[in-house]
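Observations on the model geometry
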Amino acid sequence: METLIKEAESIQKQQTQRVSGSDALLLSLIEEKVSTIFGYPGGAIMPIYDKLMDYKKQLKHILTRHEQGAVHAAQGFARVSGKTGVCFATSGPGATNLITGIADAFMDSTPIVCITGQVGSHLIGSDAFQETDVVGISMPVTKWNYQVTRADEIPEAIAKAFYIAKSGRPGPVLIDITKDAMLQDFDFAYKPCDYIRSYIPRPLIKEEQLNRAAQLINEAKKPFALIGQGVILGGAEKELLAFLEKTGMPFACTLLGLGAIPNNHPQHMGMLGMHGHAAPNIKTNDCDLLIGIGMRFDDRVTGKVSKYARQAKIIHFELDKAEINKIIKVDAYVNGNVKESLPAVTAKVIKNKHQSWIDEFKLIRRDEEKRVIQKEINPEGNKISMGEVLRIINTIVHGDAIFVTDVGQHQMIASRYFDFKNTRSWVTSGGLGTMGFGLPAAMGAQFGAPDKTVIMVAGDGGFQMTLQELGTIAYNRLPVKMIVLNNNYLGMVRQWQELFFDERYSATPISSPDFPKLASSYGIAGEMVKERTGLQAAIQRMLDFDGPYLLEVKVVNKGNVFPMIPQGAAVNEVLFGDEQAIK
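This text gives an overview of the structure that appears in the document. None of the values given here were measured: they were computed from a predicted structure. (Residues numbered from 1 in each chain as written. Predicted model: local features only at pLDDT ≥ 70, side-chain atom pairs only at ≥ 80, totals over all residues. Heavy atoms only, no water.)

We now examine the overall build of the protein chain. In terms of helices and strands, the protein chain carries 24 helices and 20 strands. In terms of overall size, the protein chain behaves like a compact globule, its C-alpha atoms giving a radius of gyration of 25 Å where 583 residues would be expected to give roughly 25 Å. Viewed in the frame of its principal axes, the protein chain has a C-alpha envelope of about 85 × 65 × 45 Å. In the protein chain, buried positions account for 58% of the 583 residues. Within the protein chain, counting contacts between residues at least 6 apart in sequence, those at least 24 apart form 76% of the total. Accessible surface, the protein chain: about 24000 Å² in total, of which carbon and sulfur atoms supply 52%. Across the protein chain, the centroid of the 63 positively charged side chains sits 5 Å from that of the 63 negatively charged ones. (Helix = DSSP H or I, 4+ residues; strand = E, 2+ residues; numbered from the N terminus. Rg over C-alpha atoms; globule rule 2.2 N^0.38 Å. Buried < 20%, exposed > 50% of the residue type's maximum accessible area, 1.4 Å probe, protein only. Contact = heavy atoms within 4.5 Å. Areas by Shrake-Rupley, 256 points an atom, 1.4 Å probe, with all protein chains shown as cover. Lys, Arg positive; Asp, Glu negative; His and termini not counted. Charge placed at Lys NZ, Arg CZ, Asp CG, Glu CD.)

Right, let's get into the pairing of strand β5 (residues 112-118). Burial analysis of β5 places seven of its seven residues in the buried class, which makes it a mostly covered element. One ladder, built from five bridges, connects strand β4 (residues 85-89) with β5; its direction is parallel. Within β5, the residue paired with A89 across the bridge is T116. As defined by bridge partners, β5 adjoins strand β7 (residues 172-178) across seven bridges and the pair is classed as parallel. (Pairing = 2+ DSSP bridges.)

Moving on to the sheet that holds strand β10 (residues 251-253). Each strand in a sheet pairs with its neighbour through backbone hydrogen bonds, running either in the same direction (parallel) or in the opposite one (antiparallel). Strand order in the open sheet made by the six strands is β11-β10-β9-β12-β13-β14, with parallel pairing throughout. The open sheet terminates on both sides in strands that have one partner only, identified here as β11 (268-271) and β14 (332-335). Neighbour-to-neighbour, the strand axes of the sheet open up by a mean angle of 15°, direction not taken into account. Relative to β14, strand β13 (residues 313-318) runs parallel, the two sharing four bridges. The residue of β14 that forms the bridge with H316 is Y333. Where helix α10 (residues 207-219) meets the sheet, it contacts β12 (289-293), β13 and β14, and its direction lies at approximately 135° from that of β14. Helix α15 (residues 338-346) contacts β12, β13 and β14 of the sheet and is inclined by roughly 135° relative to β13. (Axes fitted to C-alpha atoms, helices over the stretch in contact; angles between N-to-C directions.)

Over its 15 residues, helix α4 (residues 67-81) runs 21 Å from end to end, which matches the ideal 21 Å to within 8%, given 1.5 Å per residue. Most of α4 sits inside the fold, with 14 of its 15 residues counted as buried. Of the residues trailing α4, G82 is marked for its positive phi of about 80°. (Expected span 1.5 Å × (residues − 1).)

A separate point is the pattern of salt bridges. Tallied over the full model, the rule gives 24 salt bridges. With a shortest N-O distance of 2.7 Å, R494 and E498 are connected by a salt bridge. One end of the pair is R494 and the other is E498, both in helix α22 (residues 491-500) and four residues apart, which spans about a single turn. You can call E498 buried: its relative accessible area is 18%. What you see here is one network of salt bridges that share partners, running through R169, D320, E323 and K326. (Salt bridge = Lys/Arg side-chain N within 4 Å of Asp/Glu carboxyl O.)

This paragraph deals with the pairing of strand β3 (residues 60-63). When strand β2 (residues 36-39) meets β3, the two strands line up parallel, connected through four bridges. Of the residues in β3, the one forming a bridge with G39 is L63.

Ranked by size, the top nonpolar core spans 104 residues in total, and within it L290, I293, F317 and V389 carry the most contacts. A per-element tally of this core places helix α16 (residues 355-377) first, with seven residues. Once residues within four sequence positions are removed from consideration, I293 is found in contact with A225, L226, I227, G228, V231, L240, F243, F317, V338 and L342. If you look at the next biggest cluster of nonpolar residues, it comprises 48 residues, including A74, I112, V454 and F463. (Core = buried A, V, L, I, M, F, W, Y, C linked by side-chain atoms within 4.5 Å.)

What follows deals with α16. Its 23 residues place the ends of α16 only 28 Å apart at the C-alpha level, less than the 33 Å of an ideal helix rising 1.5 Å per residue. The inward-facing, buried residues of α16 abut β9 (223-227), β11, α13 (278-284), α17 (386-397) and α18 (409-417).

With that out of the way, let us pick up the packing of α4 against helix α19 (residues 438-448). Where α4 contacts α19, the two axes come as close as 6 Å, and the packing angle between them is 45°. The orientation of α4 relative to α19 falls into the category oblique. In the crossing of α4 with α19, the sense of the turn from one axis to the other is right-handed. In this structure, α4 contributes G69, H72, A73, G76, F77, V80 and S81 to the contact, and α19 contributes P440, A441, M443, G444, A445, F447 and G448. (Parallel < 35°, antiparallel > 145°, perpendicular 65-115°, else oblique. Left-handed = near helix turned anticlockwise from the far one by under 90°.)

Looking at the secondary structure, you find M295 in the loop between β12 and α14 (299-302). When its relative accessible area of 4% is taken as the criterion, M295 is described as buried. The spatial distance from the C-alpha of M295 to the C-alpha of L59 is 35 Å, given a sequence separation of 236 residues. For M295, the residues in contact, after removing those within four places along its chain, are L226, G228, T254, V301, H316 and E318.

Under the counting rule described, the total for this entry stands at 20 aromatic pairs. An angle of 65° between the planes, with centres 5.9 Å apart, marks the rings of Y489 and Y505 as edge-to-face. Remark: Y505 occurs in the loop between α22 and α23 (515-521) and Y489 occurs in the loop between β18 (481-486) and α22; sequence separation between them is 16 residues. Both rings, one in W496 and one in F500, keep their centres 5.5 Å apart while their planes meet at 70°; by these two values the pair is edge-to-face. Within this pair, W496 and its partner F500 are both found in helix α22, separated by four residues, close to a single helical turn. On the basis of relative accessible area, F500 is assigned to the partly exposed category, the value being 26%. Counting every residue linked through ring pairs, the aromatic cluster contains F403, F418, F420 and W426. The cationic tip of R371 hangs over the ring face of F576; the distance from NZ or CZ to the ring centre is 4.1 Å. Between R494 and the ring centre of Y489, over which it is positioned, the NZ or CZ distance is 5.7 Å. (Phe/Tyr/Trp six-rings, centres within 6.5 Å; stacked < 30°, edge-to-face > 60°. Lys NZ or Arg CZ within 6 Å of the ring centre and 35° of its normal.)

Moving on, we get to the sheet that holds β3. Taking strand neighbours across the sheet as the criterion, the six strands line up as β3-β2-β4-β5-β7-β6 in an open arrangement whose pairing is parallel. In the strand order of this sheet, the two ends are held by β3 and β6 (144-148), each with one partner. Within this sheet the neighbouring strands show an average axis-to-axis angle of 20°, counted without direction. In this fold helix α2 (residues 21-31) packs onto β2, β4, β5 and β7, with an angle of close to 165° to the strand it touches most, β4.

So, about the side chain of H277. Tracing the backbone shows H277 in the loop between β11 and α13. Here H277 falls in the buried class, since its relative accessible area comes to 5%. Polar contacts involving the side chain of H277 include one to the side chain of R365, which spans 3.1 Å. Apart from the residues within four sequence positions on either side, H277 is in contact with M269, G270, M271, R365, E368 and R416. (Polar contact = N/O pair within 3.5 Å; in protein donor to acceptor, adjacent residues only side chain to side chain.)

Structure below.
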């Protein structure tokens, strides 16, 4: 027996190594196949940054110019790569500067792991210099968070963090590590996590749920599918395509579901939501079966809930059971990963076509083309419209790019007019609507997809919230193509003021620097366009340029985004913009 014990101890020693907590963190990240970290150093996390010097070959650290930039970059990286993004920040203000991005990732189900430094464990609760309760602050906007106070907790905490962030419905995780835990030595060994008691990230799909869904689909005369980001997160694009083509039903995408299926698919009817296409919004209240797939029926999609699809049976395919019946009461649901549930239902449904039903969508689309779309992408007069910028980009890149936006009018224009062709090619802030998201997310996307063209579109307001990240882009020579659509307003707020607040433009006119000159001060090339005659050539120069490039386009000051569903209206109560202004 003693011999067996000694052999076991010998094997254990071979599997472990004596390291500091800081080493253990970095070795754990390497075990999780992390290669890129975005962050900003400070006092409490300094031991980890010191040890980073020893792991330069395995771990690339990107120094952002602000912690918010680091977390948004981690989001952009995760969204295009399908991997878990990672960011570092120190205690106090460093940690609190992450919160906006963490909340954004939580709302949009983006897998990131945030590592924050903390004051020594003996100082916790004493209001020490740069001490904040980041675990308490971040609890409502993380899938899981944990404070490490001993070095030997680090490997298990990191393993759990990556498992929780990526499994099930993805989301952000925060690990707060005290400074003394970073400095302690212990025998390090790493074991990836693949199970946590009481945590069931992948529910067992029930046969009766599949049968009920298939029955409703087979009985429907006017079925309509709503496609959300859950399809992309679940890697179920091929399974979705097979389901849609067998059933023959029309479908539309949520803001974050764009790109799951190419825009040019004949059953693709456009985008849902407040500024989505008219046909899918209007026809939501005409269908006899509505099928939500990997989406959560948020308020921007449903409009007034009491008037939402009252005539239809509703099926919900959803991984997170908490989302089922949360906003819209359904007639059937399939709780599980759509990569598994969709093929199971596809096998049970009859092959069908719904061409006459699809033609009803196309009739509304033709009306929207005449009343809105052509006026936006081919405007009259001398002023440049936001939509024509997107039209020109489409003619050059043909959908073969990563599209990133900030938040505002330009975001809605981009979502309506970008030619989406590939999955994981669209990065925008959905649920939280975070101005300042675009620039740092674009640089993260470029690291996540280094061989792709990354095009970032921002407004003059949102761009100024995180423009310091031009420094990060310049230092790393990231070939991000940046377009600032400058209308001298906080455009989306101004549009609401025009329509609903008697044109009282309170705090929405905004001044800006000369953006190309600002970029030039960082060593970034760029130019400004004011006239339509030079627009296409300028966009071509930007896309051809070998390196980062900033193009400022002066667009019409008071351009609006239509169609629009006013807040509190039903989804079929669509404004096309050529009606009388609402007062």
